[in-house]
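Now for the letters of each chain:
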Amino acid sequence: MTFFDKYSFKQKNYGLIVLSVLLIAVTYKRAISITIEKRSYSNELSTKLTKAETAFDAVRNKQIMLSNLNRHLGEENNSVEQVQQDFLNFFAKNSKGLKVMQIHEVLNYKHPDFEINTHKIVLAGGYLNSIKFIYDLEQEFNAAKILNVSYKLWKEPNQESQTLHTTLLIQNFLR
């Protein structure tokens, strides 16, 4: 081979080094990088497979969590009229010695993800009757939940006796 005879050993070594670097770069590009990419893709797929296998349990846990939140926050997507009608039906069935004095206009708070309706209801009657009714309302009424309760002694202008007024704030949520 007379082709390489005109180059010195130093030049041949530089050429060999450049050729080796090019072969290593081609090998990395053609084989090693593809293997690394396939391994990361395989790990991603195995992670997704594991997540898919546990998806049923995750959905069930989310449903349980949602039902617990509904129990604490009240049922979702009840209209204002439906909540008020449910409250009046509940009041008629469970109140003793109380009467509804006022149902105020509903306050509505709108957020991009949800709406909150706040109902202000004033009841008149004895303290023990109102405590019993509020307890029953907290335990059994699912259309909305109690936000606040306040008491006030009120003297009617044409009467000498005072009556206890209980102000209830109840809220329901809409999506």
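Here the structure is shown first, and the text comes after it.
Because the structure is predicted, anything quoted here is derived from the model rather than measured.

Draft legend 1. Expanded view of helix α3 (residues 80-94). The end-to-end C-alpha separation of α3 is 21 Å, in line with the 21 Å expected for 15 residues at 1.5 Å each. Within the span of α3, buried status applies to V83, F87, F90, F91 and N94. For α3, the angular spread of buried residues about the axis comes to 100°, placing them on one side. Exposed side of α3, more than 90 degrees from the buried face: E81, A92 and K93 are the residues found there. Elements in contact with the buried residues of α3: β1 (98-103), β3 (115-125), α4 (127-140) and β5 (162-174).

Draft legend 2. Inspection of the side chain of T118 at higher detail. Structurally, the position occupied by T118 is in strand β3. In this structure T118 comes out as buried when scored by relative accessible area, which is 13%. Within the local environment of T118, its side chain forms a polar contact with the side chain of Q171, the two groups lying 3.2 Å apart. When near neighbours in sequence (up to four residues on either side) are disregarded, T118 contacts E105, V106, L107, L147, L169, I170 and Q171.

Draft legend 3. Region of interest: the packing of aromatic side chains. Scanning all chains against the criterion turns up 7 aromatic pairs. For the cation-ring pair, K12 lies above F9, with the distance from its terminal atom to the ring centre recorded as 5.2 Å.

Cut-offs applied
- Residues numbered from 1 in each chain as written.
- Predicted model: local features only at pLDDT ≥ 70, side-chain atom pairs only at ≥ 80, totals over all residues.
- Heavy atoms only, no water.
- Helix = DSSP H or I, 4+ residues; strand = E, 2+ residues; numbered from the N terminus.
- Expected span 1.5 Å × (residues − 1).
- Buried < 20%, exposed > 50% of the residue type's maximum accessible area, 1.4 Å probe, protein only.
- Arc of directions from axis to C-beta.
- Contact = heavy atoms within 4.5 Å.
- Polar contact = N/O pair within 3.5 Å; in protein donor to acceptor, adjacent residues only side chain to side chain.
- Phe/Tyr/Trp six-rings, centres within 6.5 Å; stacked < 30°, edge-to-face > 60°.
- Lys NZ or Arg CZ within 6 Å of the ring centre and 35° of its normal.

So, to be careful, I would describe these as geometric facts and stop short of saying anything about function.
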